[in-house]
Amino acid sequence: RNTTDCMRSGIMLGAACMLDGMIQRMEEELGYKTTVIVTGGIAHSEYCMKVFLPWIDYLAPIVMMPGEDEMGSLAYNAWCAMKGERKLKVYNPA
């Protein structure tokens, strides 16, 4: 293992534990087992799904619905903003 692999492992474990707790809380509130639907760009990542699914698949049925390439879109628009081709918007919470 190296630093990069350890960081990836920590990120995936942290995300899996967060979802584990979120799913359990929802099911406790609803009073029944639910189905987990994985959407968006993360559902396209074989690495993320290989690491992520074993941590939560025992909780509930898993449905994969890959969506758009959000990370690619974010990277492209950040690059355009850095080149001055996109105007930045500032979020000011109330």
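How each quantity is defined
Residues numbered from 1 in each chain as written. Predicted model: local features only at pLDDT ≥ 70, side-chain atom pairs only at ≥ 80, totals over all residues. Heavy atoms only, no water. Helix = DSSP H or I, 4+ residues; strand = E, 2+ residues; numbered from the N terminus. Contact = heavy atoms within 4.5 Å. Areas by Shrake-Rupley, 256 points an atom, 1.4 Å probe, with all protein chains shown as cover. Salt bridge = Lys/Arg side-chain N within 4 Å of Asp/Glu carboxyl O. Buried < 20%, exposed > 50% of the residue type's maximum accessible area, 1.4 Å probe, protein only. Patch = residues over 30% accessible without salt bridge, like charges linked within 9 Å, V, L, I, M, F, W, Y side chains within 5 Å. pLDDT = per-residue confidence, 0-100. Expected span 1.5 Å × (residues − 1). Polar contact = N/O pair within 3.5 Å; in protein donor to acceptor, adjacent residues only side chain to side chain.

## So, the overall build of the protein
The helix and strand tally for the protein stands at three helices and two strands. Listing each helix as α and each strand as β along the protein from the N terminus yields α-β-α-β-α. For the protein, long-range pairs separated by at least 24 residues make up 66% of all intrachain contacts whose partners lie at least 6 apart in sequence. When the accessible surface of the protein is summed, it comes to about 7500 Å², and 61% of that surface belongs to carbon and sulfur atoms.

## A word on the pattern of salt bridges
In this structure the tally under the stated criterion is three salt bridges. With its nearest N and O atoms 3.8 Å apart, the salt bridge here joins E27 to K33. Judged by relative accessible area, K33 falls into the exposed class, the value being 54%. A salt bridge links K83 to E85, with the shortest nitrogen-to-oxygen separation between them at 3.5 Å.

## Notes on a nonpolar patch on the surface
Judged by side-chain polarity, M18, M22, M26, L30 and Y32 come together as a nonpolar surface patch covering roughly 510 Å² of accessible area. Relative to the helices and strands, L30 resides in helix α1 (residues 3–30).

## Some words on the confidence of the model for the protein
Averaged over all residues, the pLDDT of the protein is 77; the fraction at 70 or higher stands at 80%. Across the protein, the element-wise mean pLDDT spans from 70 in strand β2 (residues 62–66) up to 83 in α1.

## Section: α1
Residue pairs three or four apart in sequence face the same way in an α-helix, which turns once every 3.6 residues. Here α1 is 28 residues long and its end C-alpha atoms lie 40 Å apart, about the 40 Å a rise of 1.5 Å per residue gives. When we look at burial in α1, the residues that qualify are M12, A16, D20, G21, I23 and E27. At the N-terminal boundary of α1, the capping side chain belongs to N2, with an oxygen 3.1 Å from the backbone nitrogen of T4.

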